[in-house]
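# Architecture at a glance
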Amino acid sequence: TATRTSVAATVNAIPTITASTPASRCGTGTVALGATASAGTINWYAGATGGTSLATGASFTTPSITATTNYFVDATANGCTTATRTSVAATVNVIPTITASTPAAICGTGTAVLGATASAGTINWYSAATGGTSLATGASFTTPSISATTNYFVDATANGCTTATRTSVAATVNAIPTITASTPASR
């Protein structure tokens, strides 16, 4: 031929997952995960290999899950796919519960020592069923001086998860009996 014809041999870069964003939640539900790629379309999978893509895009909301589950992500650009999938964790933290409480009773004005145990985490004591700031933390709580029966409330926090409701623990004040009259004895 009179001239040569140029034929390009194109080398496409294999995309990579440059960052991933795991996420967590308290109890059963969905978790929003994220990933970024050097180029192309981001694909989400249930397994490290095989299977069909669950979704595409930089973010992926899992179906409702009850336990920590790993999802996997890769990227495809110009017909090239990342060599391996990157694991992204959707963590489900267990919501702690108050498993037992110990009320207390005192005679007359004074302090009472209340107790509680939790399935996990830090035990928090409050003066109200909702709102307010914690009065103290720990398995036992010594009330301020009280002159009437008073309910205190306890919850637990673990891994950023707090019990759904606070448990009431009574500090009972029993009246001290008094002698109202005396009768002298006669012989």
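Scroll up to find the structure.
These notes cover the structure that comes with them. (Residues numbered from 1 in each chain as written. Predicted model: local features only at pLDDT ≥ 70, side-chain atom pairs only at ≥ 80, totals over all residues. Heavy atoms only, no water.)

Overall, the coordinates contain one disulfide when judged by the stated rule. Note that cysteine 26 is cross-linked by a disulfide to cysteine 161, the S-S spacing being 2.1 Å. Residues cysteine 26 and cysteine 161 are joined through a disulfide that is left-handed, its torsion about the S-S bond being -95 degrees. With cysteine 26 in strand E2 (residues 23-26) and cysteine 161 in strand E17 (residues 161-162), this residue pair connects regions lying 135 residues apart in the sequence. (Disulfide = S-S within 2.5 Å. Helix = DSSP H or I, 4+ residues; strand = E, 2+ residues; numbered from the N terminus.)

Position of valine 113 relative to the elements: it lies in strand E12 (residues 113-118). Residues valine 113 and proline 144, 31 residues apart in the sequence, show an inter-C-alpha distance of 9.6 Å. Those residues in contact with valine 113 that lie beyond four places of it in its chain are Ala104, Ser140, Phe141 and Thr142. (Contact = heavy atoms within 4.5 Å.)

Okay, the nonpolar core next. Ranked by size, the top nonpolar core spans 16 residues in total, and within it Leu114, Trp125, Ile146, Tyr152, Val154 and Ala171 carry the most contacts. Listing elements by their share of this core, those giving two or more residues are strand E11 (104-107), E12, strand E13 (122-126), strand E16 (150-158) and strand E18 (167-174). Here isoleucine 146 is in contact with Ile106, Gly108, Thr109, Gly110, Tyr152, Ala171 and Val173, once residues within four sequence places are set aside. Within the second largest apolar cluster, 14 residues are counted, among which are Ala35, Ile42, Trp44 and Val88. (Core = buried A, V, L, I, M, F, W, Y, C linked by side-chain atoms within 4.5 Å. Buried < 20%, exposed > 50% of the residue type's maximum accessible area, 1.4 Å probe, protein only.)

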